[in-house]
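The primary structure of each chain is shown beneath.
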Amino acid sequence: MNPLEQLVSYRCPPFSEYPAIPLYMDQVISLLNQAVSPFYPDTDAPVTASMINNYVKLKVLPAPVQKKYSRNQVVTLYIVFLLKQVLSMEEIRLLLRREFDAEDMEPSYRCFCGQLEGALSELAGDSIESFSGAHPLMEAAIRSLVYRRYVAVLLREPVEETPQAEQE
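Residues numbered from 1 in each chain as written. Predicted model: local features only at pLDDT ≥ 70, side-chain atom pairs only at ≥ 80, totals over all residues. Heavy atoms only, no water.

## Description of the nonpolar core
Grouped together as the largest cluster of nonpolar side chains are 42 residues, with contacts concentrated most on Y78 and I79. Contributing elements (two or more residues each) for this core: α2 (25–36), α3 (49–57), α4 (71–83), α5 (89–99) and α6 (106–126). Among the elements that make up this core, the one with the highest residue count is α4 (nine residues). Apart from the residues within four sequence positions on either side, I79 is in contact with L96, F100, M105, Y109 and F112. (Core = buried A, V, L, I, M, F, W, Y, C linked by side-chain atoms within 4.5 Å. Buried < 20%, exposed > 50% of the residue type's maximum accessible area, 1.4 Å probe, protein only. Helix = DSSP H or I, 4+ residues; strand = E, 2+ residues; numbered from the N terminus. Contact = heavy atoms within 4.5 Å.)

## Concerning the environment of P19
Looking at the secondary structure, you find P19 in the loop between α1 (3–8) and β1 (23–24). On the basis of relative accessible area, P19 is assigned to the partly exposed category, the value being 27%. Considering only alpha carbons, one finds P19 and N72, 53 residues apart in sequence, at a separation of 9.8 Å.

## Considering α5
Each α-helix winds once per 3.6 residues, and so residues spaced three or four apart point in a common direction. Of all the positions in α5, only M89, E91, I92, R93, L95 and L96 are classed as buried. Close packing links the buried residues of α5 with α3, α4 and α7 (136–156).

## A few points about the side chain of R93
Assignment of secondary structure puts R93 in helix α5. By relative accessible area, R93 is classed as buried at 19%. Once residues within four sequence positions are removed from consideration, R93 is found in contact with L58, K59 and V60.

## Observations concerning the packing of aromatic side chains
The full count for this structure, using the stated rule, is seven aromatic pairs. Aromatic side chains Y18 and Y78 sit 6.3 Å apart centroid to centroid with 65 degrees between the ring planes, which places their arrangement in the edge-to-face category. Note that Y18 is positioned in the loop between α1 and β1 and Y78 in helix α4, a separation of 60 residues in sequence. Given a relative accessible area of 0%, Y78 falls into the buried group. When the ring of Y18 is compared with that of Y109, the centres are 5.6 Å apart and the planes differ by 85 degrees; the resulting orientation is edge-to-face. With Y18 in the loop between α1 and β1 and Y109 in helix α6, the pair connects residues that are 91 residues apart, well separated along the chain. (Phe/Tyr/Trp six-rings, centres within 6.5 Å; stacked < 30°, edge-to-face > 60°.)

## Things to note about the pattern of salt bridges
If you walk through the whole model with that rule in mind, you get four salt bridges. Two residues, R143 and E139, come together in a salt bridge whose shortest N-O distance is 2.8 Å. With R143 and E139 both in helix α7 and four residues apart, the pair spans about one turn of that helix. (Salt bridge = Lys/Arg side-chain N within 4 Å of Asp/Glu carboxyl O.)

## Quick look at α2
When the terminal C-alpha atoms of α2 are compared, their 16 Å separation across twelve residues agrees well with the 16 Å that a helix rising 1.5 Å per residue should span. Those residues of α2 that fall on the buried side of the exposure criterion are M25, V28, I29, L32, N33, A35 and V36. Down the axis of α2, the buried side of the element spans an arc of 165 degrees, and every buried residue falls inside it. The outward face of α2, more than 90 degrees from its buried face, is lined by the exposed residues D26 and Q34. (Expected span 1.5 Å × (residues − 1). Arc of directions from axis to C-beta.)

Right, here's the structure in full:
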């Protein structure tokens with residue numbers, strides 16, 4: 001399977017496949033490296049302990065309890081490792097705060113995966129060769145730029161009260 005076929009056939013791990021019991025750092029790293037590897041084709045280990053520790057320091061996710069990470073923390077890290085390729089850590093932190101309930105990640109995670117898999121299916125349907133212009137690479141790059149800026153604008157809009165925001 002070529003890299004494009006591998007990418008468009010990607011499916012998120014179902015929420016139920018994340019262990020319900022807390023995991024130690026090395027277990028989290030192993031699980032996440034396997035889950036995000038199609039998005040990091042040029043490296044064998046995109047997830048490292050120092051990165052995870054840094055995300056805790058930046059308050060992107062809560063600190064582990066007794067050096068163990070809950071299912072919700074692992075799911076959060078999965079999302080972080082996918083989005084960090086296109087968003088800053090501050091933008092990811094804001095997005096997580098607005099779109100995810102830290103106590104019950106499953107509904108938002110299912111939505112995230114549905115959106116991701118839908119976008120990949122659209123890409124498979126379009127394929128890079130069928131982008132409308134004579135320059136599919138340029139068109140894909142411009143679409144990335146436009147959506148990247150769109151996310152930045154949305155993150156600057158005032159926050160409506162959500163369960164997450166009410167807890168603070």
